[in-house]
Amino acid sequence: MLSVFLLMKVGDVFSPWFLTTGVWLAILLLFTQYGHLVYPLEDKFFYCVWIWVPVLSVSSILTYYALAPVKADVNVSVNRGRYGDLPLNRFFFMALLLVSLLLTPVYLYKIYKVVSMFDMDNLFYNLRILTLSESDESGTGLLKYVRSINQALFIVAVWRYPKISTPVLVCIVLANLMCAIAIMEKGSIFFMIIITVFVLYEKGRIRLSRMVVLGVLIVFLFYGINLLRSVDTEEATENNTFMDFFSMYVLSPSVAFGQVQEKLTEQFGSRTFAFFYAVLSKLGIGHFTVEPKLQEFVMVPMTTNVYTVFQPFYEDFGYRGVAFFATVYGVFTGWLYRMFRDGGVISRCMYAYVAEILILQFFQENLILSLSVFFQYLIVFVLCVQRYVGISPHKPSPSNHHPSSITPHP
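Model, not experiment: these values are computed from the prediction.

Reading the values: rules and limits
- Residues numbered from 1 in each chain as written.
- Predicted model: local features only at pLDDT ≥ 70, side-chain atom pairs only at ≥ 80, totals over all residues.
- Heavy atoms only, no water.
- Helix = DSSP H or I, 4+ residues; strand = E, 2+ residues; numbered from the N terminus.
- Buried < 20%, exposed > 50% of the residue type's maximum accessible area, 1.4 Å probe, protein only.
- Contact = heavy atoms within 4.5 Å.
- Areas by Shrake-Rupley, 256 points an atom, 1.4 Å probe, with all protein chains shown as cover.
- Phe/Tyr/Trp six-rings, centres within 6.5 Å; stacked < 30°, edge-to-face > 60°.
- Lys NZ or Arg CZ within 6 Å of the ring centre and 35° of its normal.
- Core = buried A, V, L, I, M, F, W, Y, C linked by side-chain atoms within 4.5 Å.
- Axes fitted to C-alpha atoms, helices over the stretch in contact; angles between N-to-C directions.
- Parallel < 35°, antiparallel > 145°, perpendicular 65-115°, else oblique.
- Left-handed = near helix turned anticlockwise from the far one by under 90°.
- Nonpolar A, V, L, I, M, F, W, Y, C, P; charged D, E, K, R; others polar.
- Salt bridge = Lys/Arg side-chain N within 4 Å of Asp/Glu carboxyl O.

(A) Quick look at the overall build of the protein chain. When helices and strands are counted, the protein chain shows 15 helices and two strands. Put simply, the protein chain has 410 residues, and 51% of those count as buried. In the protein chain, 78% of the contacts between residues at least 6 apart in sequence involve partners at least 24 apart. As displayed, the protein chain has an accessible area near 19,800 Å², and 66% of this comes from carbon and sulfur atoms.

Given below as structure tokens:
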């Protein structure tokens with residue numbers, strides 16, 4: 001496809017156009033083999049794929065080229081292993097790490113204090129419901145932000161490794177695992193794995209063949225976790241074969257999207273702009289309806305409440321919304337990828353996070369609906385490398401500066 005050809009000229013397997021094309025091509029191929037495990041796909045899903053993939057890919061490529069160096073013969077996108085160690089403000093990094101080590105156990109305690117009031121036989125099920133709830137039933141308050149701190153610190157630490165000490169890295173990993181255990185969320189583990197693979201690949205320390213092997217191991221790992229947290233009921237255990245699990249978490253969102261309908265509401269973009277309406281409401285600027293993140297469960301025939309990246313855009317604006325926000329995604333990811341390829345240290349951290357979002361676009365929308373998390377990450381990254389906000393931590397002289405060059409960081 002177009003993205004495969006362009007991979008030879010710009011970008012790599014983690015470029016926004018390659019990830020987007022690869023993800024949806026893989027989903028369509030999987031349906032040809034395992035589509036019988038779920039309900040048939042609706043036409044609207046295919047229409048959205050045909051709109052989303054070309055628009056996002058083309059707009060990200062055009063943005064990348066618009067910001068590219070003048071000299072077309074300089075190829076900075078296919079040469080991996082040239083990133084230096086991430087510069088670090090040790091004061092803010094250690095301060096945030098101290099906050100993490102102090103508050104993560106408290107966060108874990110608060111969660112289990114609430115869960116312990118329920119039937120212990122259904123402990124894992126109650127944790128799952130609690131984390132999906134919009135209300136603050138857990139009583140964690142501001143403690144919930146420690147999850148974003150832990151994950152942002154993990155990104156910084158992996159980019160710094162091996163310059164960062166092993167005990168510090170272990171502490172950060174344990175803090176993330178504690179948060180994952182607190183809410184029994186597989187996504188946190190997947191987050192750490194995909195960030196590690198992304199950084200190792202970009203540093204030239206892992207090949208595509210090993211990435212495939214790791215991907216297979218990850219699927220089986222999540223299958224085991226899914227069995228562990230299942231409720232011991234007939235409804236929960238009837239679909240515990242590996243292929244049932246695989247279809248539930250990979251194919252079911254695309255099928256569930258077929259049940260999404262356009263919603264005519266008086267509030268403009270009620271679901272897409274839920275973050276902004278929540279901020280305006282808290283500031284007392286107006287009274288707005290804030291759509292909950294927890295979606296309704298539907299049968300596909302398994303129960304699921306995720307509807308792919310298309311869901312909020314289609315609900316609010318139909319196919320035009322899918323096309324418009326594909327452009328927004330393309331321009332933003334193309335710009336961020338260009339900054340990343342030009343050696344930006346903050347963009348290096350942010351693109352690691354965005355790459356994970358692009359990989360999971362078949363699952364749900366995690367960028368615009370999670371802008372709060374995005375800004376939390378950004379704050380941590382700015383603090384940790386705040387002395388080096390520009391393209392490079394060193395300011396080269398105008399005579400030898402080239403926007404495509406990447407100076408290894410000592």
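Resuming the write-up.
(B) Representation of the packing of aromatic side chains within the structure. Summed over the entire model, instances satisfying the criterion amount to 46 aromatic pairs. With a centroid separation of 5.6 Å and an interplanar angle of 70°, the aromatic rings of F257 and F310 are classed as edge-to-face. Within this pair, whereas F257 is found in helix α11 (residues 242-257), its partner F310 is found in the loop between β2 (303-304) and α13 (311-341), the two being separated by 53 residues in sequence. If you follow R338 out to its NZ or CZ, it ends over the ring of Y64, 4.2 Å from the centre. When the ring centre of W159 is taken as reference, the NZ or CZ atom of R348 above it lies at 5.1 Å.

(C) Seen up close, the nonpolar core. With 90 residues, the main nonpolar core has W24, W52, I155, F310 and Y329 as its most contacted residues. No other element matches helix α14 (residues 345-359), which puts twelve residues into this core. Leave out the neighbours within four places in its chain, and Y329 touches W52, L56, V309, F313, G334, I357, L358, E365, N366, L367 and I368. Within the second largest apolar cluster, eight residues are counted, among which are Y107, L143, V146 and A182.

(D) Geometry of the packing of helix α3 (residues 43-66) against α13. It is at 7 Å that the axes of α3 and α13 come closest, and there the two elements cross at 30°. Classified by the angle between their axes, α3 and α13 sit roughly parallel to one another. The two elements α3 and α13 cross, and the hand of that crossing is right-handed. Its residues assigned to classes, the contact of α3 with α13 shows 18 nonpolar, seven polar and three charged.

(E) Representation of the side chain of S347 in the model. Looking at the element boundaries, S347 is found in helix α14. Of the residues examined, S347 reaches a relative accessible area of 10% and is grouped as buried. Beyond its immediate chain neighbours, meaning those up to four positions away, S347 contacts L336, M339 and F340.

(F) Up close: the pattern of salt bridges. Under the defined criterion, the tally for this structure stands at five salt bridges. Close ionic contact of R271 with E291 constitutes a salt bridge, the shortest N to O distance being 3.3 Å. With R271 in the loop between α11 and α12 (274-282) and E291 in the loop between α12 and β1 (298-299), the pair connects residues that are 20 residues apart, well separated along the chain. Given the relative accessible area of 9%, R271 is considered buried. With relative accessibility at 23%, the residue E291 sits in the partly exposed group. Linked by salt bridges that have partners in common, K263, R271, E291 and E315 make up one network.

Worth remembering: the numbers are spatial, not functional.
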